[in-house]
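Report on the structure
The primary structure of each chain is shown beneath.
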Amino acid sequence: MNPPRKLHIKSYGCQMNVYDAQRMVDTLAPEGFVETASVDDADLVILNTCHIREKASEKVYSELGRLRAVKDEAARHGRHINIAVAGCVAQAEGQEIIRRAPTVDIVVGPQSYHHLPQLLAHAKRHGRALETEFPIEDKFGFLAPPQPDKIRARGISSFVTVQEGCDKFCSFCVVPYTRGAEVSRPVTKIVDDVRRLAENGVREITLIGQNVNAYHGEGADGRIWSLGNLLHRLAEIPGIVRLRYSTSHPRDVDDSLIAAHRDLPSLMPFVHLPVQSGSDRILAAMNRKHTTGDYRRAIDRFRAARQDIAFSSDFIVGFPGETEEDFLATLALVTQIGYAGAYSFKYSPRPGTPAAEMRETVSADEMDVRLVRLQELIDSQQSAFNAAAIGNTVDVLFERSARNPGQIVGRTAYLQPAHVMASPDIIGQVLPVRIESLERYSLLGELATHPNARAIQGASSQVAPSRMIPPQMTTGA
Ligand code: 5AD
Ligand code: SF4
């Protein structure tokens, strides 16, 4: 038997890249690849890239420079390292990567990961391999499912892709070009995946897609199911105690999704609903296909269904033509809605998108100032939201042992990390926690019912800083 080959995979960007990286690992496992945390002993290094903003895509070329040195050093010792570029930069700049980076052996777009074994064989025979087509076959039918030991090692919370691509064509966004047209996976496939995860200890599922609430997959009954229908079905699977979904578009909030929030206790009351701008003039230039009024009405419908629901969003400042007045309208919308958190970005022109041709650009200095002003407002809302948890008893799904000995960390319904002193037996359970204090972005508390519960006293300063909302939401919508 051949010794195992080692695979090192580095993901940038959104949750879908994290998920795709796991699918690539699972697909290469039958080829004899095992994962390694270091590039130095890897036989294959995959960079799973992000193209959403210029800064994200530039990282690829600097990382490739570093990898070339590692590859050359290995070659001096008679060892060949294969280097593959996957993800959205591979899709958008395939030929360019081949031209600019001779060290790269394989370029593979997001719709072709199931062809990785063949691409490796091709690269071995012919030197280099490139695949950035959108094949007609469903890649999910060919990607290997994770083995039970892999599922267990990955923890109690898992992503599942239900939808990929986007047909909205916002004028600033590369996603429709890099991930392609909107495609939904059939309901039975998703149910099988979730059941398999649940049987191996997963308790929380986040359904992901670039425009997840545009989901329209085929059901076993031959009809087209919406995301709300799908959530109702998944909520029946034994073992799944929490459901989430990301990222949503305001225009695709339909009644079945609202009903799911009203009817399903396991559907968490925390919705990421990007609006991008609070100015109707800018929303039109962005080709968002919704107004601020539409957005507010969507928020109101969620709130009417479940009053404890909270929201996060994405914002872009400095879109071409954005005036001070437009920007003030964004601040006004944030004030009016009141977010539990949000991401904000400076507009970054992306080659091939309509907005990149717009001439009325906002200066870099002005963008910096607006970003700071917006982030200050969002931070103040986030701090107030977190502080409001103190003194309350909230449900926490426990995920893992924390860095501090004896501490276990989990997340509230709103993805806030919460730490308690307890036995690791509680991992995988949802338990009530009385929140006592807030340390940076982490809540500290005491199990409300556990007989062995001990309060954390004086330990708060040792809690590792972590963000309230995981830094990687799914890119899109
Ligand atoms: N420039 C800046 N931000 C962008 N986003 C998408 N494209 C761009 C761009 N060209 C942001 C949007 C989106 C999030 C994932 O990234 O806010 O919701
Ligand atoms: Fe689609 Fe979202 Fe990109 Fe708009 S911002 S094109 S909705 S992925």
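In what follows, the structure referred to is the one given above.
A few points on the structure. What you are looking at is a predicted structure, and each value in this text was computed from that prediction instead of being measured. Residue positions are given per chain, counted from 1 along the sequence in the order it is written. To read the labels, note that chains go from A and ligands from 1, taken in the order they are written. The model is predicted, so local features are restricted to residues of pLDDT at least 70 and side-chain atom pairs to those at 80 or more, both for listing and for counting; the totals for chains, interfaces and linings are taken over all residues. Side-chain measures were taken over the full set of non-hydrogen atoms in the model, leaving aside hydrogen atoms and water.

Taken in spatial order, the 6 strands of this open sheet run E2-E1-E3-E4-E5-E6, and their pairing is parallel. Of all the strands in the sheet, just strand E2 (33-35) and strand E6 (129-131) have a single pairing partner and so form its edges. Each adjacent strand pair in this sheet contributes to an overall mean axis angle of 20°, direction not counted. Strands pair, by our definition, only if DSSP identifies at least two bridges between them. Put simply, DSSP H or I for four residues or longer makes a helix, DSSP E for two residues or longer makes a strand, and each gets a number counted from the N terminus. One ladder, built from 5 bridges, connects strand E1 (residues 5-11) with strand E3 (residues 44-49); its direction is parallel. The residue bridging His8 from the neighbouring strand is Val45, located in E3. We call two residues in contact when some of their heavy atoms are within 4.5 Å. The angle between two axes is taken between their N-to-C directions and runs from 0 to 180 degrees, where each axis is a line fitted to C-alpha atoms and a helix contributes only its stretch in contact. Against the sheet, helix H2 (residues 54-76) contacts E1, E3 and strand E4 (82-86), and its axis sits at roughly 175° relative to E3.

Okay, the site of ligand 1 next. In this text, near means that some heavy atom of the residue lies within 4 Å of the molecule or strand in question. Around ligand 1 lies a shell of 13 residues, among which Arg53, Phe172, Gln276, Asp314 and Ser348 are the nearest. Pairing of N or O atoms within 3.5 Å defines a polar contact, subject to two protein rules: one partner must be a possible hydrogen donor and the other a possible acceptor, and residues neighboring in sequence count only if both atoms are side-chain atoms. One of the backbone nitrogen or oxygen atoms of Ser348 is found 2.7 Å away from a nitrogen atom of ligand 1. Here, Shrake-Rupley sampling with a 1.4 Å probe gives the accessible areas, and only protein chains in the shown set may cover a residue. Surface burial for ligand 1 is 97%, taken as the share of its 400 Å² of free accessible area covered by protein chains. Sorting the residues of the shell around ligand 1 by element identifies strand E15 (310-317) and strand E16 (341-346) as the ones contributing at least two each. Charged means Asp, Glu, Lys or Arg here, nonpolar means Ala, Val, Leu, Ile, Met, Phe, Trp, Tyr, Cys or Pro, and polar covers whatever is left, Gly included. Along the lines of polarity and charge, the residues of the shell around ligand 1 split into 5 nonpolar, 4 polar and 4 charged.

By definition, a salt bridge exists where a carboxyl oxygen of Asp or Glu is found within 4 Å of a side-chain nitrogen of Lys or Arg. Counted according to the given criterion, the structure contains 26 salt bridges. Put simply, Arg154 and Asp26 hold a salt bridge, and the shortest N to O gap is 3.0 Å. Here Asp26 lies in helix H1 (residues 15-28) and Arg154 lies in the loop between helix H5 (148-153) and strand E7 (157-161), a separation of 128 residues in the sequence. Here Arg301 and Asp255 are joined by a salt bridge, their closest N and O atoms 3.0 Å apart. Here Asp255 lies in helix H9 (residues 255-263) and Arg301 lies in helix H11 (residues 292-305), a separation of 46 residues in the sequence. On the basis of relative accessible area, Asp255 is assigned to the exposed category, the value being 60%. Three or more residues are tied together by salt bridges with common partners; here these are Lys10, Glu63 and Arg66. Each residue is placed in one exposure class: buried if its accessible area under a 1.4 Å probe, protein chains only, is under 20% of its type's maximum, exposed if it is over 50%, and partly exposed if it falls in between.

Below, the discussion takes up the nonpolar core. If you look at soluble globular proteins, the nonpolar side chains tend to sit buried side by side. We call a set of buried residues a nonpolar core when its members are Ala, Val, Leu, Ile, Met, Phe, Trp, Tyr or Cys and they connect through side-chain atoms within 4.5 Å of each other. Core analysis: the largest hydrophobic core is formed by 51 residues, its most contacted members being Leu207, Leu231, Tyr245 and Phe302. The element contributing the most residues to this core is helix H7 (residues 187-199), with 6 residues. Here Tyr245 is in contact with Thr206, Leu207, Val212, Leu227, Leu231, Leu257, His261, Leu267, Val271 and Phe302, once residues within four sequence places are set aside. Counting residues in each nonpolar core, the second largest holds 35 residues, with Tyr12, Leu47, Val60 and Tyr347 among its members.

This paragraph deals with the packing of aromatic side chains. The geometry of two aromatic rings is summed up by the distance between their centres and the angle between their planes. Pairing of aromatic rings covers Phe, Tyr and Trp, the last through its six-membered ring, and needs centres within 6.5 Å; plane angles under 30 degrees mean stacked, over 60 mean edge-to-face, and all others mean tilted. Here the structure, examined in full by the defined rule, presents 7 aromatic pairs. Their ring planes at 85° and their centres at 6.0 Å tell us that Phe270 and Tyr414 sit as a pair that is edge-to-face. On the criterion of sequence distance, the pair formed by Phe270 in strand E14 (residues 270-272) and Tyr414 in the loop between strand E18 (407-411) and strand E19 (417-421) is long-range, its members being 144 residues apart. The residues Phe270 and Tyr414 share a single accessibility class, namely buried.

As a structural note, the neighbourhood of ligand 2 is formed by Cys166, Lys168, Phe169, Cys170, Phe172, Cys173, Val175, Pro176, His249, Arg288, Gly476 and Ala477. Here the shell around ligand 2 is built from residues that sort into 8 nonpolar, 2 polar and 2 charged.

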